[in-house]
Amino acid sequence: MPAADPAPGAGRPAVVPVGAGAEGDPAVDEATARHWDGLYQGRERRWSGRPNPHLVDVVGALPTGTALDLGCGEGGDAVWLARQGWRVTAVDVSTAALERSAAAVAAAGVTARVEFRRHDLARTFPAGVFDLVSAQFLQSPLDFPRTEVLRAAARAVAPGGRLLVVEHGSVPPWGAPEHRHLRFPTPQETLADLDLDPDGWHVERLDAPQRQATGPHGETATLVDHLVLLRRR
């Protein structure tokens, strides 16, 4: 049963920036910020608003605690986690995404359970340790130090906590032609890239689950994702 929000906020939760967030701020690459802001500002809603299904599948049975949501987008995962009773730190580089997430969290009445932080993960990473670190489709068409960011995500997992990485395993049929040649790292390759001490981690899942997806013009397809679930000892 989802835990009740102990004190639903009357307004939207504040976004806590890293640095001033103004042009020239070394904590944020402005070209990166403009790219992602443009992606969100170009459409009224970019994503469905529902949580990622693999997150629900994995986390639904776990005891609640603190969660770090990397690349929170429009807040579907943050809202779902908060409704289950997690205390969430939600992170994105896009102020447009953070504003939409904050609106979704306020509409769901879970503002007391979610804190927003602006980070360009290529430059800064949230401080602290968490019972769950979730990286859902943290992939970018821009230059992005994926391995370094995922290693930082692993370092942010508290003892007994989990790292959940879900990534695209294939390009959807409606993907841009120039993307159809892309090859995505397998779960086994992602695990190897993390370079973790095997005595300090237990591998719970390394697999390629499928999900049904709907394209921008209503077309449907079965997509393959890559999933890594690790528990810190």
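This text gives an overview of the structure that appears in the document. Since we're looking at a predicted model, the values are computed, not measured.

1. As for the pattern of salt bridges
Next, step 1: Tallied over the entire structure, the rule returns 11 salt bridges.
Next, step 2: Here Arg117 and Glu115 are joined by a salt bridge, their closest N and O atoms 3.3 Å apart.
Next, step 3: According to the relative accessible area criterion, Arg117 is partly exposed, its value standing at 27%.
Next, step 4: For Arg146, the salt bridge identified is with Glu167, shortest N-O distance 2.8 Å. Taken together, the positions of Arg146 in helix H5 (residues 146-155) and Glu167 in strand S6 (residues 157-168) put the pair 21 residues apart, joining distant regions of the chain.
Next, step 5: Look at Arg146 and you get buried, because its relative accessible area is 15%.
Next, step 6: Counted as one network, the salt bridges with shared partners bring together Asp57, Arg205 and Asp207.

2. With respect to helix H4 (residues 95-108)
Next, step 1: For H4, spanning 14 residues, the distance from its first C-alpha to its last is 20 Å, which sits close to the expected 20 Å at 1.5 Å a residue.
Next, step 2: When H4 is considered as a whole, its buried residues turn out to be Ala96, Ala97, Leu98, Ser101, Ala102 and Val105.
Next, step 3: In this structure Ser94 caps H4, since a side-chain oxygen of it lies 3.2 Å from the backbone nitrogen of Ala96.

3. Describing the environment of Asp29
Next, step 1: Of note, Asp29 is situated in the loop between strand S1 (15-17) and helix H1 (30-41).
Next, step 2: Given the relative accessible area of 24%, Asp29 is considered partly exposed.
Next, step 3: Along the chain, Asp29 and Leu121 lie 92 residues apart, while their C-alpha atoms are 9.9 Å from each other.
Next, step 4: Here Asp29 is in contact with Asp120 and Arg123, once residues within four sequence places are set aside.
Next, step 5: Within the structure, the side chain of Asp29 is placed 3.3 Å from the side chain of Arg123, a separation counted as a polar contact.

4. Topic: the pairing of strand S4 (residues 114-118)
Next, step 1: Alternating residues of S4 divide into Val114, Phe116 and Arg118, all buried, and Glu115 and Arg117, none buried.
Next, step 2: This β-α-β element, strand S3 (residues 87-92) to H4 to S4, shows right-handed connectivity.

5. Topic: the side chain of Thr190
Next, step 1: Position of Thr190 relative to the elements: it lies in helix H6 (residues 187-194).
Next, step 2: Classification of Thr190 as buried rests on a relative accessible area of 2%.
Next, step 3: Setting aside anything within four residues of it in sequence, one finds Thr190 in contact with Arg146, Leu150, Glu167, Pro185 and Val228.

6. With respect to the nonpolar core
Generally speaking, soluble globular proteins have nonpolar side chains that are buried together.
Next, step 1: Counting residues in hydrophobic clusters, the biggest one holds 26 residues, and the most contacted among them are Val59, Leu81, Trp86, Val114, Phe116 and Leu164.
Next, step 2: For this core, the elements supplying multiple residues, two or more each, are helix H2 (53-59), helix H3 (76-84), S3, H4, S4, S6 and strand S9 (220-232).
Next, step 3: Looking at this core element by element, the count peaks at five residues for H3.

7. Some remarks on the packing of H1 against H4
Next, step 1: Where H1 meets H4, the closest approach of the two axes is 7 Å, and the angle between their N-to-C directions is 45°. Classified by the angle between their axes, H1 and H4 sit oblique to one another. Of the residues in H4, those touching H1 at Asp37, Tyr40 and Gln41 are Thr95, Ala96, Ala97 and Arg100.
Next, step 2: Across the contact of H1 with H4, the residue classes break down as three nonpolar, two polar and two charged.

Reading the values: rules and limits
Within any chain, residue numbers begin from 1 and follow the written order of that chain's sequence. For this predicted model, a pLDDT threshold of at least 70 governs which residues receive local features, and a threshold of 80 or more governs which side-chain atom pairs are given and counted, while totals over whole chains, interfaces and linings are taken from all residues. Heavy atoms from the whole structure form the basis of all side-chain values; hydrogens and water molecules are not counted. Salt bridge criterion: a side-chain nitrogen from Lys or Arg within 4 Å of a carboxyl oxygen from Asp or Glu. Exposure categories follow from relative accessible area, calculated using a 1.4 Å probe and restricted to protein chains: below 20% of the type maximum is buried, above 50% is exposed, and the middle band is partly exposed. Secondary structure follows DSSP: runs of H or I at least 4 residues long count as helices, runs of E at least 2 residues long count as strands, and numbering of each begins at the N terminus. The span you would expect from a helix comes to 1.5 Å times its residue count less one. Nitrogen and oxygen atoms within 3.5 Å of one another constitute a polar contact, given that in protein one can donate a hydrogen and the other can accept it, and given that sequence-neighbouring residues count only through two side-chain atoms. Contacts between residues were defined by any pair of non-hydrogen atoms, one from each residue, lying within 4.5 Å. Every crossover in which the path from the first strand over the helix to the second runs clockwise, viewed with the strands pointing away from the viewer, is termed right-handed. Residues belong to a common nonpolar core when they are buried Ala, Val, Leu, Ile, Met, Phe, Trp, Tyr or Cys residues joined through side-chain atoms within 4.5 Å. A fitted line through C-alpha atoms represents every axis, and for helices the fit uses only the stretch in contact; the resulting angles, taken between N-to-C directions, go from 0 to 180 degrees. Geometric relationships in this document are graded by angle, where less than 35 degrees denotes roughly parallel, more than 145 denotes roughly antiparallel, 65 to 115 denotes roughly perpendicular, and other angles denote oblique. Gly falls in the polar group here, along with every residue not listed as nonpolar (Ala, Val, Leu, Ile, Met, Phe, Trp, Tyr, Cys, Pro) or charged (Asp, Glu, Lys, Arg).

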